[in-house]
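Survey of secondary and tertiary structure
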Amino acid sequence: MKKIIAIILCTLSLLLCACGTDANNEAAAEEAKAFLSSQLETFKNASKTDVDEVLEGSMENLNGVDVSLYYKHLDYEIGKCSATDNTAKIEINIKNLDFGTLMEDYYEELVPYMLSSYYEPEKPGEIFAELVNSGNYKILENNAVIELTKKDGKWSVNDPEAFAIALMPGVDPIF
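Residues numbered from 1 in each chain as written. Predicted model: local features only at pLDDT ≥ 70, side-chain atom pairs only at ≥ 80, totals over all residues. Heavy atoms only, no water.

Topic: the pairing of strand 3 (residues 139–151)
- With eleven bridges joining them, strand 2 (residues 87–97) and strand 3 adopt antiparallel strand pairing. Paired with Ile 92 across the strands is Ala 144, a residue of strand 3.
- Direction of pairing for strand 3 relative to strand 4 (residues 154–157): antiparallel, over a ladder of four bridges. Paired with Lys 150 across the two strands is Trp 155, which belongs to strand 4.
- Once strand 3 ends, the chain turns through two residues before running back antiparallel as strand 4, passing Asp 152 with a positive phi of about 55°. (Pairing = 2+ DSSP bridges. Helix = DSSP H or I, 4+ residues; strand = E, 2+ residues; numbered from the N terminus.)

This is the structure we're talking about:
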């Protein structure tokens with residue numbers, strides 16, 4: 001009888017430990033989702049400084065393009081999240097302009113201009129703004145899994161460039 005009671009107590013203590021771990025993981029998941037949501041809101045309300053900070057400088061060479069235009073039509077939904085205390089994988093659904101077609105059109109207009117002898121530094125940005133504001137591009141959806149790591153109490157995106165590409169549906173990751 002003592003063995004049975006010991007086994008039951010042991011099993012109950014293991015179950016309680018497992019429940020605590022699930023609660024910790026749920027808390028980490030909610031914390032990670034809140035972090036990712038704040039990053040996505042930064043993009044929706046983009047300024048070059050904010051976006052550059054999130055992407056760790058990967059958008060440095062924009063040829064005078066207003067960064068807010070990249071995310072003018074951005075919408076997102078945060079889905080499932082699996083997390084531990086220090087890592088998280090979050091499913092997201094992104095809706096934004098068809099950047100594959102947009103970038104093809106942008107370079108089609110930009111290259112002849114860049115090869116001409118008349119150059120104005122603000123012209124590439126003007127070309128991009130005209131295309132984005134033209135209404136000629138459909139909204140595409142992109143599903144992605146974003147991986148986060150928590151270090152020194154702060155969450156960060158593991159691969160900022162992959163994150164940026166996920167926010168631009170239609171863009172080939174090689175782009």
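Considering the packing of aromatic side chains
- A complete count under the given rule lists five aromatic pairs for this structure.
- Both rings, one in Tyr 70 and one in Phe 99, keep their centres 5.7 Å apart while their planes meet at 10°; by these two values the pair is stacked. Taken as a pair, Tyr 70 in the loop between helix 2 (48–54) and strand 1 (75–83) and Phe 99 in helix 3 (residues 99–115) lie far apart in primary sequence, 29 residues in all.
- For Phe 99, a relative accessible area of 0% gives the class buried.
- Seen in terms of ring centroids, Tyr 106 and Phe 128 are 5.3 Å apart; in terms of plane orientation they differ by 85°. Their pairing is edge-to-face. Placement of Tyr 106 in helix 3 and of Phe 128 in helix 4 (residues 123–133) is noted, with a sequence separation of 22 residues between them.
- Taking the relative accessible area as the measure of exposure, Phe 128 reaches 0% and is therefore buried.
- Among the aromatic residues, those joined into a ring-pair cluster are Tyr 70, Tyr 71, Phe 99, Tyr 106, Tyr 107 and Phe 128. (Phe/Tyr/Trp six-rings, centres within 6.5 Å; stacked < 30°, edge-to-face > 60°. Buried < 20%, exposed > 50% of the residue type's maximum accessible area, 1.4 Å probe, protein only.)

Just distances and angles here, no functional claims.
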